[in-house]
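# Geometric and topological summary
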Amino acid sequence: YAAIEALRSGQSAIDSMNREYTSRRKLLLEKIESIDKISCRAPKGAFYAFINIKKTGLGSQEFAERLLEQQNVVVAPGVAFGDEGEGYIRISYATSTENIQEGMNRMKRFVDSL
């Protein structure tokens, strides 16, 4: 019965979540653009962004560890995804807009302190 109901009325929930994730992605990208030394191309799938941190002078592992220690923000070091991921971090925007804003404000403080 649940599958039948999902087929009948599930599209509105999908549309709603698509709008929400689009809004969160836009917010995240705006916050990234406001921080010197980092950049990001708009993600085309999932709810993760791969942020270029090369201009910070830190490796992805060190960046992730120091960001966690100093600002309590968790990101995945790009090197965890293979050698080509070095110089990047991965961050999720599958959270509230308030968490995105606070996390990115903390990341800005961290990057500005470098």
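Our structure is the block above this text.
Residue numbering note: each chain is counted from 1, following its sequence as written. Reporting of local features is limited, given that this is a predicted model, to residues whose pLDDT is at least 70; pairs of side-chain atoms are given and counted only at 80 or more, and all residues count toward the totals for whole chains, interfaces and linings. For the side-chain quantities, the full set of heavy atoms in the structure was used; hydrogens and water were omitted.

## Notes on the packing of helix H1 (residues 2–33) against helix H3 (residues 97–113)
- Look at H1 against H3: their axes get within 10 Å of each other, and the N-to-C directions meet at 15°. One way to sum up the angle between H1 and H3 is to call them roughly parallel. Pair H1 / H3 crosses with right-handed handedness. For the pair H1 and H3, contact is made by Glu20, Arg24, Leu27, Leu28, Lys31 and Ile32 and by Thr97, Ile100, Gln101, Met104 and Asn105, respectively.
- In this classification, the charged set is Asp, Glu, Lys and Arg, the nonpolar set is Ala, Val, Leu, Ile, Met, Phe, Trp, Tyr, Cys and Pro, and all remaining amino acids, among them Gly, are polar. Of the residues in the contact of H1 with H3, the class split is five nonpolar, three polar and three charged. The axes are straight lines fitted to the C-alpha atoms, using for helices just the contacting stretch, and the angles between their N-to-C directions are given from 0 to 180°. Going along the chain from the N terminus, every DSSP run of H or I of four or more residues is numbered as a helix, and every run of E of two or more is numbered as a strand. Angles below 35 degrees are treated as roughly parallel, those above 145 as roughly antiparallel, those between 65 and 115 as roughly perpendicular, and all remaining angles as oblique. By convention, the crossing between two helices is left-handed when the near helix turns anticlockwise from the far helix through less than a right angle, and right-handed when the turn is clockwise. In this analysis, two residues are considered to be in contact whenever any of their non-hydrogen atoms come within 4.5 Å of each other.

## A few points about the packing of aromatic side chains
- Two rings from Phe, Tyr or Trp (for Trp, the six-membered ring) form a pair when their centres sit within 6.5 Å of each other. Planes less than 30 degrees apart are called stacked, planes more than 60 degrees apart edge-to-face, and all others tilted. Tallied over the full model, the rule gives six aromatic pairs.
- Judged by centre distance (5.8 Å) and plane angle (75°), the rings of phenylalanine 50 and phenylalanine 81 are edge-to-face. Taken together, the residues phenylalanine 50 in strand S1 (residues 48–52) and phenylalanine 81 in the loop between strand S2 (76–77) and strand S3 (88–92) connect sequence positions 31 residues apart.
- Exposed residues in this analysis have more than 50% of their type's maximum accessible area, buried residues have under 20%, and partly exposed residues fall in between, with area computed by a 1.4 Å probe over protein chains only. A relative accessible area of 33% means that phenylalanine 50 is categorised as partly exposed.

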